[in-house]
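Geometric and topological summary
Each chain, written out:
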Amino acid sequence: MSVFSKVMTPDDGVAWVTGASGGIGRATVLKLAQAGWTIHATARGEDDLNTLAAEGPAGRIIPTPGDVTDAEQMAQIVGRITAERPLALALLNAGVYTPMRANDFDAATAAKMWRVNLEGVSNCTDPVLKTMIAQGTGHLAVTASVAGYRGLPDAAVYSGTKAALIAYCEALAMDLEDLGVRISVINPGFVDTEATAVNEFDMPFLMQPQDAAARIVAGLGKPGFEIAFPTRFEILLKTFGLLPNRAYIAAVRKATGWNGQDRRKS
């Protein structure tokens, strides 16, 4: 049986979710807790995590503060988690987004996105895979984005990080198929969060965090590799992505009203 058919349940161990203090991560922690999981919730803000824990079922959400850019701290967190129970599910969700166009490209801002979105995932993947491979079981899920299918306006760096994560998960899947560990890549569309609130363009099929969380938890509970939503937006972007480069760039510029417009506020 393929490892992609493996479905972990709360009986198999605990879950760990990073980027848990807001947006999709917060909503997903609550949804997992309602489904019977015990979740170690990680983010930098301890107060936010304590508030989150108080909103969930008693004892199901364990605040576990940490910064994903600190590799040693992430290894310590996984060590503490697994000292008590097996780690059945890890959802690496922490990420940042700052809109950036060519005329205001900033290397320092770009570096922060590279570090959190890519290095942060790598820092967590290391102890998670060591643990799950040793167990011979487990499910690693990584939040990328449909923005990683191909480049999107205002998202040169963000799209780059998410495209990298999609390829990262695909490459790991080729090895994990033989090691008993399932990996999933999660590709949400636009979700109404603080991050997307800064966008200056129309966001088609905009979803609420709790709806995105429901799709994620449902996807984790079914066989498969990719969890992408909303379906219509996924299909639209994948179809656009088949266009030759020049046609794709022209089509997206027209669809988003980007033709010849400087939409950046002064």
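Check the entry above for the structure.
This structure is a prediction, so every number in the text was calculated from the model and none was measured.

1. Considering the nonpolar core
With 30 residues, the main nonpolar core has Val 29, Trp 37, Ile 39 and Ile 61 as its most contacted residues. For this core, the secondary-structure elements that each account for two or more residues are strand 1 (14–18), helix 1 (23–34), strand 2 (39–42), helix 2 (46–55), strand 4 (87–92), helix 6 (209–220) and strand 7 (226–229). Counting residues per element, this core draws most heavily on helix 1, at five residues. Ile 39 has contacts with Ala 15, Val 17, Val 29, Leu 32, Ala 33, Arg 60, Ile 61 and Ile 62, leaving out every residue within four places of it along the chain. In this structure, Leu 92, Val 116, Val 181 and Ile 183 belong to the second largest nonpolar core, which totals 28 residues.

2. Observations concerning the side chain of Thr 28
In this fold, Thr 28 is placed in helix 1. Judged by relative accessible area, which is 0%, Thr 28 ranks as buried. Contact partners of Thr 28, with chain neighbours within four places excluded, come to Leu 91, Ala 213, Ile 216 and Val 217.

3. Structural notes on the sheet that holds strand 3 (residues 61–63)
With respect to topology, seven strands assemble into an open sheet ordered 3-2-1-4-5-6-7, the strand pairing being parallel. The outermost strands of the open sheet, each flanked by one partner alone, are strand 3 and strand 7. For this sheet, the mean inter-axis angle between neighbouring strands, taken without regard to orientation, is 20°. As paired elements, strand 5 (residues 139–143) and strand 6 (residues 182–188) share five bridges and run parallel to each other. If you follow Leu 140 over to strand 6, its bridge partner there is Ile 183.

4. Section: unusual backbone geometry
Cis geometry marks the peptide bond from Phe 229 to Pro 230; its omega dihedral reads -10°. Secondary-structure assignment places Pro 230 in the loop between strand 7 and helix 7 (231–240). The phi torsion at Asp 154 lies on the positive side, around 70°, for a residue other than glycine.

5. A word on the pattern of salt bridges
Under the counting rule described, the total for this entry stands at five salt bridges. One salt bridge connects Glu 55 with Arg 26, and the closest N-O pair in it is separated by 2.8 Å. Linking Glu 55 in helix 2 with Arg 26 in helix 1, this pair joins segments that are 29 residues apart in sequence. A network of salt bridges, in which partner residues are shared, links Glu 226, Glu 234 and Lys 238.

Conventions adopted
- Residues numbered from 1 in each chain as written.
- Predicted model: local features only at pLDDT ≥ 70, side-chain atom pairs only at ≥ 80, totals over all residues.
- Heavy atoms only, no water.
- Core = buried A, V, L, I, M, F, W, Y, C linked by side-chain atoms within 4.5 Å.
- Buried < 20%, exposed > 50% of the residue type's maximum accessible area, 1.4 Å probe, protein only.
- Helix = DSSP H or I, 4+ residues; strand = E, 2+ residues; numbered from the N terminus.
- Contact = heavy atoms within 4.5 Å.
- Pairing = 2+ DSSP bridges.
- Axes fitted to C-alpha atoms, helices over the stretch in contact; angles between N-to-C directions.
- Salt bridge = Lys/Arg side-chain N within 4 Å of Asp/Glu carboxyl O.

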